[in-house]
Amino acid sequence: MLDDYLCMRVDDNGCLRSLPLLLENFIPNMDGLPMLVLRLATEVEWSTEQGCFSSLAKEFSYFYAYKPTLPAKLSTTSQGTASDGRSTAAAGASDLGTGAAGSSAERQEAEMCFWNNRSYRWVVEHVLFPAFRTRLLAPRRFADDTTLIQLADLPDLYRVFERC
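## Concerning the packing of helix H2 (residues 33-42) against helix H3 (residues 49-64)
Okay, step 1: The contact between H2 and H3 brings their axes to 10 Å, and the two run at 170 degrees. Compared by their axis directions, H2 and H3 come out roughly antiparallel. Only Leu 56, Glu 59, Phe 60, Tyr 62 and Phe 63 of H3 make contact with H2, whose side of the interface consists of Leu 33, Leu 36, Arg 39 and Leu 40.
Okay, step 2: Residues of the contact of H2 with H3, tallied by class, amount to seven nonpolar, no polar and two charged.

## Topic: a nonpolar patch on the surface
Okay, step 1: Side chains of Leu 154, Leu 157, Tyr 158, Val 160 and Phe 161 sit close together on the surface and give an oily, nonpolar patch of about 520 Å² of accessible area.
Okay, step 2: The residue Phe 161 is located in helix H8 (residues 154-163) in this model.
Okay, step 3: With relative accessibility at 57%, the residue Phe 161 sits in the exposed group.

## Section: the environment of Leu 16
Okay, step 1: Mapped onto the elements of the fold, Leu 16 is located in strand E2 (residues 16-18).
Okay, step 2: Along the backbone, Leu 16 and Leu 33 are 17 residues apart, and their C-alpha atoms lie at a distance of 10.0 Å.

## Here's the deal with the nonpolar core
Okay, step 1: Counting residues in each nonpolar core, the largest one holds 18 residues, and the members touching the most others are Leu 23, Phe 26, Leu 40, Leu 56, Phe 60 and Leu 128.
Okay, step 2: A per-element tally of this core places helix H6 (residues 118-135) first, with six residues.
Okay, step 3: Setting aside residues up to four positions removed in sequence, Phe 26 forms contacts with Leu 21, Tyr 64, Tyr 66, Val 123, Val 127 and Leu 128.

## Describing unusual backbone geometry
Okay, step 1: The residue Asn 25 is not glycine, and still its phi comes out positive at about 70 degrees.
Okay, step 2: Of note, Asn 25 is situated in the loop between E2 and H2.

## With respect to the packing of aromatic side chains
Okay, step 1: Inspection of the entire model under this criterion finds four aromatic pairs.
Okay, step 2: Note on Phe 60 and Tyr 64: the rings are 6.3 Å apart at their centroids and 40 degrees apart in plane angle, and the pair reads as tilted. With Phe 60 and Tyr 64 both in helix H3 and four residues apart, this pair spans about one turn of that helix. As far as the burial class goes, Phe 60 and Tyr 64 line up, both buried.
Okay, step 3: Relative to Phe 132, the ring of Phe 129 lies with its centre 6.0 Å away and its plane at 50 degrees, an arrangement referred to as tilted. Of this pair, Phe 129 and Phe 132 both sit in helix H6, three residues apart, which is roughly one turn of that helix.

Thresholds applied
- Residues numbered from 1 in each chain as written.
- Predicted model: local features only at pLDDT ≥ 70, side-chain atom pairs only at ≥ 80, totals over all residues.
- Heavy atoms only, no water.
- Axes fitted to C-alpha atoms, helices over the stretch in contact; angles between N-to-C directions.
- Helix = DSSP H or I, 4+ residues; strand = E, 2+ residues; numbered from the N terminus.
- Parallel < 35°, antiparallel > 145°, perpendicular 65-115°, else oblique.
- Contact = heavy atoms within 4.5 Å.
- Nonpolar A, V, L, I, M, F, W, Y, C, P; charged D, E, K, R; others polar.
- Patch = residues over 30% accessible without salt bridge, like charges linked within 9 Å, V, L, I, M, F, W, Y side chains within 5 Å.
- Areas by Shrake-Rupley, 256 points an atom, 1.4 Å probe, with all protein chains shown as cover.
- Salt bridge = Lys/Arg side-chain N within 4 Å of Asp/Glu carboxyl O.
- Buried < 20%, exposed > 50% of the residue type's maximum accessible area, 1.4 Å probe, protein only.
- Core = buried A, V, L, I, M, F, W, Y, C linked by side-chain atoms within 4.5 Å.
- Phe/Tyr/Trp six-rings, centres within 6.5 Å; stacked < 30°, edge-to-face > 60°.

From the geometry alone we can't say anything about function, so treat these as descriptive.
Here it is in structure tokens:
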């Protein structure tokens, strides 16, 4: 079933051979692969079809959620596990932990390095945002409850700047 629906292959020795390709040019952080395999074995409801697909989608979403890697001196301070078993190592700059990273200035410098990481910015700008623009079909209720709002409209911006 995993091979048919998700292109996820496991060989006869139990080794994982391939993962689903969700977006071209997007490779998930492989630090989360052991947790994905563990959660596929323990958290997926294999007995019912609807429950299986729902829990598989949830587990793959945890794995494929874009989490840029932390600098080495920060990753040792914030390693941990959330209450639902997901890794919290790349949860964000606000959860970076205390203590082993050194002084506040060193930690702040490492945080800036983390958020200014070129590969992180490139993936967001050239892979994720174009995919949102072309593939995201949000329900109408997202516009009604302001989950998504339109910030600007390109033709209107052109009209504004033509006057200048």
